[in-house]
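Observations on the three-dimensional arrangement
Next come the chains, spelled out residue by residue.
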Amino acid sequence: MRADARRNYERLLDEARRAFAEHGVDASLDKIAQRAGVASGTLYRHFPTRLDLVEAVLAGQITELGDLGRGLLDAADPFDALRTWLRATIIHGVTYRGLAAAMMNSAIRSDLVSGLHAQLFEVGAALLDRAWQAGAIVAVDEADVLKMAGGIAWAAQDDPAQADRLLALLMNGLAARRP
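This report concerns the structure included in the present document. (Residues numbered from 1 in each chain as written. Predicted model: local features only at pLDDT ≥ 70, side-chain atom pairs only at ≥ 80, totals over all residues. Heavy atoms only, no water.)

A word on the packing of helix α1 (residues 3-23) against helix α2 (residues 29-36)
In the contact formed by α1 and α2, the axes pass within 9 Å of each other and the chain directions differ by 130°. What the angle tells us is that α1 and α2 run oblique. α1 and α2 meet at a crossing whose hand is right-handed. Residues Arg 11, Leu 12, Glu 15, Ala 16, Arg 18, Ala 19, Phe 20 and Glu 22 of α1 form the contact with α2, whose participating residues are Ile 32, Ala 33, Arg 35 and Ala 36. Its residues placed into classes, the contact of α1 with α2 shows 7 nonpolar, no polar and 5 charged. (Axes fitted to C-alpha atoms, helices over the stretch in contact; angles between N-to-C directions. Helix = DSSP H or I, 4+ residues; strand = E, 2+ residues; numbered from the N terminus. Parallel < 35°, antiparallel > 145°, perpendicular 65-115°, else oblique. Left-handed = near helix turned anticlockwise from the far one by under 90°. Contact = heavy atoms within 4.5 Å. Nonpolar A, V, L, I, M, F, W, Y, C, P; charged D, E, K, R; others polar.)

Quick notes on the pattern of salt bridges
Under the criterion given, the structure shown has 9 salt bridges. Of the charged contacts, one joins Arg 17 and Asp 14 as a salt bridge, the two residues approaching to 2.6 Å between their closest N and O atoms. Separated by 3 residues within a single helix, Arg 17 and Asp 14 lie in helix α1, roughly one turn from each other. Residue Asp 14 is classed as partly exposed on the basis of its relative accessible area of 32%. Among the ionic pairs, Asp 67 bridges to Arg 70, the shortest N-O distance being 2.9 Å. Remark: Arg 70 and Asp 67 occur in helix α4 (residues 50-72); sequence separation between them is 3 residues, near one turn of the helix. (Salt bridge = Lys/Arg side-chain N within 4 Å of Asp/Glu carboxyl O. Buried < 20%, exposed > 50% of the residue type's maximum accessible area, 1.4 Å probe, protein only.)

In structure tokens, the structure reads:
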């Protein structure tokens, strides 16, 4: 990709992230192009459909969450590392509501996004296992905890403070009780 095309691509992704966070996945594509400083045709050359743009934004966000989780696997406090990653995952779900649903409800299932979700699950499972091995949490089913995180994001849709309160309840339930 030429340097100017790459810049346009990145600007479109940045503006799409903002627009989807503010207005959901139904945000105006023309306004995204306008805010990125490019013509609508440029947007459609990079992202022929809305779903292509949603996929690209979602893939970037999932990659960032995976990188964060992998970085936290070496943190000194496994309980705090788990909480940090779960909070980032929940805030992602609150902020980008509709992105994952748009992908899951689409007729076209992206191998890229499916693979990234699998990696994200692996990172979450590794953080949970590390916290359990350290005696910081009780034994749990990873899928249950990750579904609870998704449920918190759904329940707290426009209220990050509520998301934090619900996460605190989850972490309290996970915490190992010491005699």
